[in-house]
Amino acid sequence: METETKLDRVTMPALGKPSKIDIIHATETKLANGIPVYSVNGGTQDVVKIELIFPAGSRQQELPLVADTTNVLLEEGTTKHNSEEIASLLDYYGAFLETSAHHDYATVSLYSLGKHFSKVLPVLEEIVKQPAFAQDEIDVYLTNKKQRFIVEEKKGRVVAARNFPALLFGNNHPYGHTTKIEEFDTIKKENLAAFHKGHYSSNACTIILAGKIKDQVFNSIGDNFGGNDWKTADAQVNGKPAELQPSAEKKHYMPKDKALQSAIRMGRVLFLKNHPDAIPFQILNVILGGYFGSRLMSNIREDKGYTYGISSGVVFLKEAGYFQIASEVGSDVCDKALVEIYKEMDRLCTETIPEAELQLVKNYLRGNVLRSMDGPFALAERFKQVWLHGLDYSYYEKYISTVADITAAQLKDIACKYLQKDSIYELVVGAKKA
Amino acid sequence: MIQFERFTLPNGLKVIVHRDTSTPMACVNILYNVGARDEDPEKTGFAHLFEHLMFGGSVNIADFDNVLQQAGGENNAFTNNDITNYYLTLPATNIEVAFWLESDRMLSLAFSDKSLEVQRSVVIEEYKQSYLNQPYGDVWLELPKLAYKVHPYQWPTIGKELDHIKHAVMGDVKAFFQKFYCPNNAILVVSGNVTLEQVKALCDKWFAPIPAGSPPLRKLPVEPKQTQARKLELERDVPVDAIYKAYHMGARMDQSFYAMELLADILTDGNASRMYIELVKNKKLFSEINAFTFETFDPGLFIISGKLSEGVTLQAADEAIQEELKKVVLAQVKKDEMEKAKNKTESSLIFSEMSILNKAMNLAIFEVLGSADDVNKETDRFMKVTEVDLLVEASRVINENNCSTLYYRSKSKANGN
C-alpha cells in the first residue's frame, strides 16, 4: 500500500525521446527486358509478396467496367489451365493471389512462403501473360457481380459513395463515373482481350517486391518475367484526357425509403499530391476528421451521439486530388449533424487551433509514420504511394519535417483557402425529411 | 513460432511478453475474461456497451484517447460473445504511457453520466448501422436465436434488442465493472520492442498495486442436443433471396473445431473449392456461397450461407446444399483436397505472425482458452486431422436434425411472383 500512496497516477509519464525515423528505401534493379524491380528486404517471417503494377485502371479504359473485369478475370483461366486448376496449384503451396483495379492503375499480387516462391511464380506468369477470358467465365462473373452490385445498392452509404465523385468530377470523367446496372451487360470478350493486350505488357510493367528476398527470388523473377515475349508495340500508358464537369449545384439529396440512418458525403476537389499545400492540408484533415480524437468525432459522436463514426480523408489520384467527409447518422438528427459539420470546418477558418491540440496531433502523426513503415510489406506500400505520383522518398522527409514545424497560423490559412462553406459539395442519402 | 515469457502478479494479473526487435513499435493488449455470454438475459448488449464506456475516462485520467495520441499511439477494442479485448500500439519508447493508461482504467473508471448517455446513443447508431439499416443485417439477430435455446450465444454481442441498451443505468455499469474488470480476470500481453525486465518493472509499478477482485465462476447453461430440424422464414426488403444453415459443432479447443474449419475451407474457400465449383460455377444456383465457423469458445455453429441466383427457389437451393454436404458424409474428402486446405491454413498462420498486434492478441486468446503455449500448437492441430477424422466429425455435425435453416426472402420477389 505504501507504494500506492507514492505512485503518481495523475501526471502522464515522460515521453521517450522520439526515435529517429529511418526510412528503409526500396532498392531498384532491372530485369533484362527493362522492367524495374523495387524491393524491400526484411521482416521476421519467410514470406514474399510480389506485386505487378500496370497502367490498366479505369482511366485507361474505353468502356465502363472493362479495367475492373479484365483484372479479375486474369485469375479465371488461362490458355493452359482453367480457373479451378490455377486455384488448386496455388492452394497446394498455400499461396494466394490478389488482384485490384484502381482509377490510374491495376495490380496483380502473389503472396507466398519463401520456400515455395519459385514453384508458384510460373502461375503468376501464366495468368498475366496468357489469360483466356473464356465466355462462360465472363458470364458467371458478370452475372454474380451484377447481383452483388444490386445488393450493395441497398446500403445508403454505398449509394452515397458511388454517387459523390460524380458531383465533384462529372459523370463522364473517369474519376467521377457512377456505374450503372446496364453497363454490366455491355462487356464483350473482345473488350477484355484488347484491353489486356494494350495494358498488361512488359513495357508497361513495374514490379514491387517485399519480404525475405533471397537471390533465388530475383532469378525466378528474371526467368518468368524478364523476357521480351510479352512486349506490346503500343503500350497505352495514359488514358484519354478528361474534362472536369462538376455539378453546378452544391447540395444534393437522394431519397431512400424508411432508412433509419442517413448517409452523408461532403467534400471538394483539391490538388495533386505534389502540390505545396498537400502535406499541410493532410495535417489539417487529421485535425478535422482523420483520427479518433478528431473534431468531427469528438463533436458528432463523442459529444452528441449522432453517429457510430464520422471521418474525413484526402484522396490523391494521378490527375486530381479530393477531400471528403463520410458518416451515417440517425435520420432524425441528420440536419443537426450537417450544421455541426459545417460549424467544425468554419471553426478551423476562424479560430486558431490551440497549441495543446496541435502538439497532440503532431505526436500522433509521428507515431503514425512509424506505424506505417513497420515491416517490409508496409514499407513497400510507402514506396508505391510516392512512386505512383512521380515522387520519391524526399516526400516522406518533407512530411516528417512539416509535421514537426507547421504552425497553427499556417493551418488556419490552409483552412481558409480550402474549407469555405460555399466550396463544399454535399450529398445526403436517406429518408425524406418530415 | 512465437516465443514468449510469462509471469503472474500477486493480484492475479497474468502477463505475457513477446519480444520482437525488428520493429520500433510496441503493442499492449489486455483481454478481460467477459463477453456477451456472461450477460443477464434481461440486460443484453452490456459487455459491448461497457467496452465503449472504457474510453469515457478513468479515475485519474479524463481522456484515454487524447493521452494515447499524444504518445503517438493508436488503439481499439472489440467485444464478442466470449471476451472483451483492448489493444493499442505506440512507439516502444513511450511504452510507460500505455501502462499508466491501462492500469488506471483497471483501477477504476470515472463513471460519468454524460459518457453513459452519449455512448448509449452511439451504440444505438451502431446497432442501426450494422443490424437494422443494411440488407440481411438482422440475420445475425435471428439465426443465433433459432440455433440456441438455452445457451447465451442465442443473443448477439450488440444485444437482443435496442431497449436493453436504452435502459442501461449507471448502477449496472458500476456493478459490471466491480464484477469483471479486476486484475485476476485479465490477461496482459506486451509485444514488440520491449524486454522482459522492462515489462516486469512496469507491471510492478502500475498494475501490482491494484487489488484483486472476485470474478464469478462461469456457470453457463449447456445447450441441449438439438433433435429436430428448425426452420424460420423471413421476408424483407432485400433484392435477392438468401439461405442460412447453422449446424451445432464443437468448442474452440475441441478436435471438432479443427476438422470443421478444414471442411469449411474445402467447401467454399477459393476457386477450387467444392461448393463454389458445383453450385456457383456449374449449376449456377448461387451468386455466392460461404461456409465458416464462428470460432466461439463454447460449442459453436458451422454455417453455410448463400445468395441465390435469379430464378432459383429457396427449396432448390437448400436441397443443393444438402446434396453437397451429403457427399462429405458419404465418402472421405480426397487426399489432395485435405492437403491443400492444410497448406493454406499453415501459410495463413505464418503470414498472421508478421504483426506484433496479431501475435499479442493470439497469445491473449490462447491463454484465456487454457494456455498461451497452444498458440504454437495450432499448425500441428490442423495437420493432425486425417480424412477419417473429418468424415467422423462431419457425420456428427451434418444432419438436418442438428440444423437451423433460415429462408430469407426478398419481399419484392415474393410480391412479383
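Residues numbered from 1 in each chain as written. Chains lettered and ligands numbered in written order. Predicted model: local features only at pLDDT ≥ 70, side-chain atom pairs only at ≥ 80, totals over all residues.

Turning next to the domain arrangement of chain A. Residues and elements named next belong to chain A. Domain parsing of chain A yields domain 1 (27-225) and domain 2 (251-430). On a C-alpha basis, the centroid separation for the pair domain 1 and domain 2 is 29 Å. With 22 residues of domain 1 at the contact, the number on the domain 2 side is 30 residues. Of all elements in the fold, only strand S2 (36-41), helix H6 (156-169) and strand S6 (206-211) reach the threshold of two or more residues within the side of domain 1 that touches domain 2. If one sorts the elements of the side of domain 1 that touches domain 2 by residue count, H6 sits on top with nine residues. (Domains from an automatic or database assignment. Contact = placed C-beta atoms within 7 Å. Helix = DSSP H or I, 4+ residues; strand = E, 2+ residues; numbered from the N terminus.)

Residues and elements named next belong to chain B. Among the eight residues in strand S10 (residues 301-308), eight count as buried, and that is most of the element. Residue alternation in S10 divides its side chains into two sets, Leu 301, Ile 303, Ser 305 and Lys 307 and Phe 302, Ile 304, Gly 306 and Leu 308, and both sets are buried. Bridging between strand S8 (residues 242-248) and S10 involves seven bridges; their strand directions are antiparallel. Note on S10: the bridge partner recorded for Lys 245 is Ile 304. Direction of pairing for strand S9 (residues 286-293) relative to S10: antiparallel, over a ladder of seven bridges. By the bridge assignment, Ile 289 is partnered in S10 with Gly 306. (Buried ≥ 20, exposed ≤ 12 C-beta atoms within 10 Å, placed from the backbone. Pairing = 2+ DSSP bridges.)

Moving on, we come to the packing of helix H12 (residues 355-372) of chain A against helix H14 (residues 394-405) of chain A. All names here are of chain A. Interaxial distance between H12 and H14 falls to 9 Å at its minimum, and their mutual angle equals 160 degrees. By the angle between their directions, the pair H12 and H14 is classed as roughly antiparallel. As H12 packs across H14, the resulting crossing turns out to be left-handed. Where H12 approaches H14, its residues Lys 362, Leu 365, Arg 366 and Val 369 are matched on the opposing element by Ile 400, Val 403 and Ala 404. The class makeup of the residues in the contact of H12 with H14 is five nonpolar, no polar and two charged. (Axes fitted to C-alpha atoms, helices over the stretch in contact; angles between N-to-C directions. Parallel < 35°, antiparallel > 145°, perpendicular 65-115°, else oblique. Left-handed = near helix turned anticlockwise from the far one by under 90°. Nonpolar A, V, L, I, M, F, W, Y, C, P; charged D, E, K, R; others polar.)

Residues and elements named next belong to chain B. Locating Leu 116 in the fold gives a position in helix H4 (residues 113-132). Leu 116 sits 57 residues away from Val 173 along the chain, and the two C-alpha atoms are 8.7 Å apart. Not counting residues up to four positions away in its chain, the partners in contact with Leu 116 are Leu 53, Met 170 and Val 173.

All names here are of chain B. What the domain assignment lists for chain B is domain 1 (5-206) and domain 2 (230-416). Using C-alpha coordinates to define each centre, domain 1 is positioned 29 Å away from domain 2. Listed per partner, the contact involves 31 residues of domain 1 and 26 residues of domain 2. Going through the elements one at a time, strand S2 (14-19), strand S3 (25-32), strand S5 (84-91), helix H5 (139-147) and strand S6 (186-192) are the ones with two or more residues in the side of domain 1 that touches domain 2. At five residues, the largest contribution of residues to the side of domain 1 that touches domain 2 is made by H5. Grouping the constituent residues of the side of domain 1 that touches domain 2 by class yields 15 nonpolar, ten polar and six charged.

Turning our attention to the sheet that holds strand S3 (residues 47-54) of chain A. Residue and element names in this part refer to chain A. The strand order across the open sheet built from six strands is S1-S2-S6-S3-S5-S4, with neighbouring strands paired in mixed fashion. In this open sheet, the two edge strands, each paired with only one partner strand, are strand S1 (27-30) and strand S4 (96-101). Neighbour to neighbour, the strand axes of the sheet diverge by 20 degrees on average, direction disregarded. Pairing analysis gives four bridges linking S1 to S2, with the strands arranged antiparallel. Of the residues in S2, the one forming a bridge with Glu 28 is Tyr 38. In the packing of helix H2 (residues 66-73) onto the sheet, contacts are made with S4 and strand S5 (106-113), and the angle to S4 comes to roughly 170 degrees.

With that settled, the discussion passes to the interface of chain B and chain A. Residue-level contacts link 59 residues of chain B with 57 residues of chain A. Elements supplying a minimum of two residues to the side of chain B that touches chain A: helix H2 (64-70), S5, helix H3 (95-107), H4, helix H10 (274-282), S9 and helix H12 (335-352) of chain B. Of the residues contributing to the side of chain B that touches chain A, the split by class is 21 nonpolar, 20 polar and 18 charged.

Let us now look at the pairing of S5 of chain B. All names here are of chain B. For S5, the buried fraction is high: eight of the eight residues fall into the buried class. Bridge analysis of S3 against S5 gives eight bridges, and the strand direction is antiparallel. Each residue of the ladder has a partner; that of Val 28, found in S5, is Leu 88. Bridge count between strand S4 (residues 74-79) and S5: six bridges; the pairing is antiparallel.

What follows is about the sheet that holds strand S7 (residues 251-255) of chain A. All names here are of chain A. One open sheet holds the five strands; their spatial order is S7-S11-S8-S10-S9, and the pairing between them is mixed. Pairing within the sheet leaves two strands with one partner each, and these edge strands are S7 and strand S9 (307-316). Here the strands of the sheet are splayed against their neighbours by 15 degrees on average, with no regard to which way each runs. In this structure, S7 lies alongside strand S11 (residues 425-430), joined through five bridges in parallel fashion. Bridging across to S11, Lys 251 finds its partner in Glu 426. Taken strand by strand, H6 contacts S7, strand S8 (261-269), strand S10 (321-330) and S11, and its axis lies near 25 degrees from that of S8. Relative to S9, helix H9 (residues 278-290) is tilted by about 170 degrees, and along the sheet it contacts S9 and S10.

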